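# A structural walkthrough
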Amino acid sequence: MTMMVLSNRLRWLRKRFGYSQAALADALSVSRMAYTQYESGRREPGLNTLMRLAKIYSVSVDYLLGLSDLSHPPGLSVRESFLLSQLDRLADGRRQVVFQVLQHQLGEQILSDTHGLPEDSDSVTPS
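Residues numbered from 1 in each chain as written. Predicted model: local features only at pLDDT ≥ 70, side-chain atom pairs only at ≥ 80, totals over all residues. Heavy atoms only, no water.

### Things to note about the packing of helix H2 (residues 21-28) against helix H4 (residues 47-57)
Put simply, the test is: With axes taken as lines fitted to C-alpha atoms, and helix axes fitted only over the stretch in contact, angles between N-to-C directions fall between 0 and 180 degrees. Put simply, DSSP marks the helices as runs of H or I at least four residues long and the strands as runs of E at least two long, and each gets a number from the N terminus on. Reported orientations rely on four angle classes, namely roughly parallel under 35 degrees, roughly antiparallel over 145, roughly perpendicular from 65 to 115, and oblique for the rest. A crossing counts as left-handed when the near helix is turned anticlockwise from the far one by less than a right angle, and as right-handed when that turn is clockwise. Note on contacts: a residue pair qualifies if any of its non-hydrogen atoms lie within 4.5 Å across the two residues. Under the scheme applied, nonpolar residues are Ala, Val, Leu, Ile, Met, Phe, Trp, Tyr, Cys and Pro; charged residues are Asp, Glu, Lys and Arg; polar residues are all the others, including Gly.
H4 packs onto H2 with a crossing angle of 120° between their chain directions and a minimal axis gap of 10 Å. Looking at the two axes, H2 sits oblique to H4. At the point where H2 passes H4, the crossing takes the right-handed sense. Of the residues in H4, those touching H2 at Leu-24, Ala-27 and Leu-28 are Thr-49, Arg-52, Leu-53, Ile-56 and Tyr-57. Of the residues contributing to the contact of H2 with H4, the split by class is six nonpolar, one polar and one charged.

### With respect to the packing of helix H1 (residues 3-17) against helix H3 (residues 32-40)
One way to put it is that H1 packs onto H3 with a least axis distance of 6 Å and a crossing angle of 115°. Contact with H1, carried on its side by Ser-7, Leu-10, Arg-11 and Arg-14, involves Tyr-35, Tyr-38, Glu-39 and Ser-40 of H3 and no other residues of that element. Residue composition of the contact of H1 with H3, grouped by class: three nonpolar, two polar and three charged.

### Focus on the pattern of salt bridges
A side chain with one charge can pair with a side chain of the opposite charge if their charged atoms come near. Formally: Salt bridges are identified by distance alone: a Lys or Arg side-chain nitrogen within 4 Å of an Asp or Glu carboxyl oxygen. Only protein chains enter the accessibility calculation, which uses a 1.4 Å probe. A residue is then buried if its area is under 20% of the maximum for its type, exposed if over 50%, and partly exposed in between.
A complete count under the given rule lists one salt bridge for this structure. Salt-bridge contacts for Glu-39 lead to Arg-14; the nearest nitrogen and oxygen are separated by 2.5 Å. Residue Glu-39 is found in helix H3, and its partner Arg-14 is found in helix H1; the two are separated by 25 residues along the sequence. An identical accessibility class is assigned to Glu-39 and Arg-14; each is buried.

### Some details on unusual backbone geometry
Positive phi, normally seen in glycine, also occurs at Ser-29, with a value near 60°. Assessed through its relative accessible area of 44%, Ser-29 is described here as partly exposed. Look at Ser-58: it is not a glycine, yet its phi comes out positive at around 55°. Mapping Ser-58 onto the fold places it in the loop between H4 and helix H5 (61-65).

### A few points about the nonpolar core
Just so we agree on the cut-off: The set of buried Ala, Val, Leu, Ile, Met, Phe, Trp, Tyr and Cys residues whose side-chain atoms join them within 4.5 Å is what this entry labels a nonpolar core.
Formed by 24 residues in total, the largest nonpolar core has its most connected members in Tyr-35, Tyr-57 and Leu-64. Among the elements of the structure, H1, H2, H3, H4 and H5 are those that each provide at least two residues to this core. It is H4 that provides the largest number of residues to this core, a total of five residues. In this view, Leu-64 contacts Val-5, Leu-6, Arg-9, Leu-10, Leu-13, Leu-50, Leu-53, Ala-54 and Val-59; residues no more than four positions away in its chain are not counted.

### Brief notes about a nonpolar patch on the surface
This is how it is decided: Only residues whose relative accessible area exceeds 30% and that form no salt bridge enter a patch; like-charged residues are grouped when within 9 Å of one another, and nonpolar side chains (Val, Leu, Ile, Met, Phe, Trp, Tyr) when within 5 Å. With residues, only the protein chains shown are counted as cover, and all accessible areas are computed by Shrake-Rupley using a 1.4 Å probe.
On the surface, a nonpolar cluster with roughly 210 Å² of combined accessible area is contributed by Val-98, Leu-102 and Leu-106. When you line up the elements, Val-98 lands in helix H7 (residues 92-106). Here Val-98 falls in the partly exposed class, since its relative accessible area comes to 31%.

### Brief notes about the confidence of the model for the protein chain
This is how the line gets drawn: Within a predicted model, pLDDT stands for the predictor's per-residue confidence, ranging from 0 to 100.
Across the protein chain, pLDDT averages 78, with 75% of residues at or above 70. Element-level pLDDT for the protein chain is lowest in helix H8 (residues 109-112), with a mean of 55, against a maximum mean of 96 in H3. Contacts of residues 112-127 to residues separated by more than four positions or lying in other chains number 37 contacts, the stretch itself having pLDDT below 50.

Spelled out as structure tokens, the structure:
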């Protein structure tokens, strides 16, 4: 896996969705330091963590790893594609407001939807 692509995409997605590193670390059941190392490229997340991240961001693991530039899985409805395209057009500040409204309306469901996945026990530090 290209660590630079992964770390850049993790950082970009986190900022785009308006999550803190601490919130993601909590949702992934890893320490904040471990998550920070994923974003800096000093540590590789294990497969279970990659699957959780893909679910949180609604992207494929292939996208996270840089094997695909298609961020959203194929098969979205026309309406879903339109909504995503409109969201992409928003400036970061306005996009943040949309995510805050969604999080307020859905409560913690946005991050807690990932808690059903298995624990990640195979994280390794790259040599």
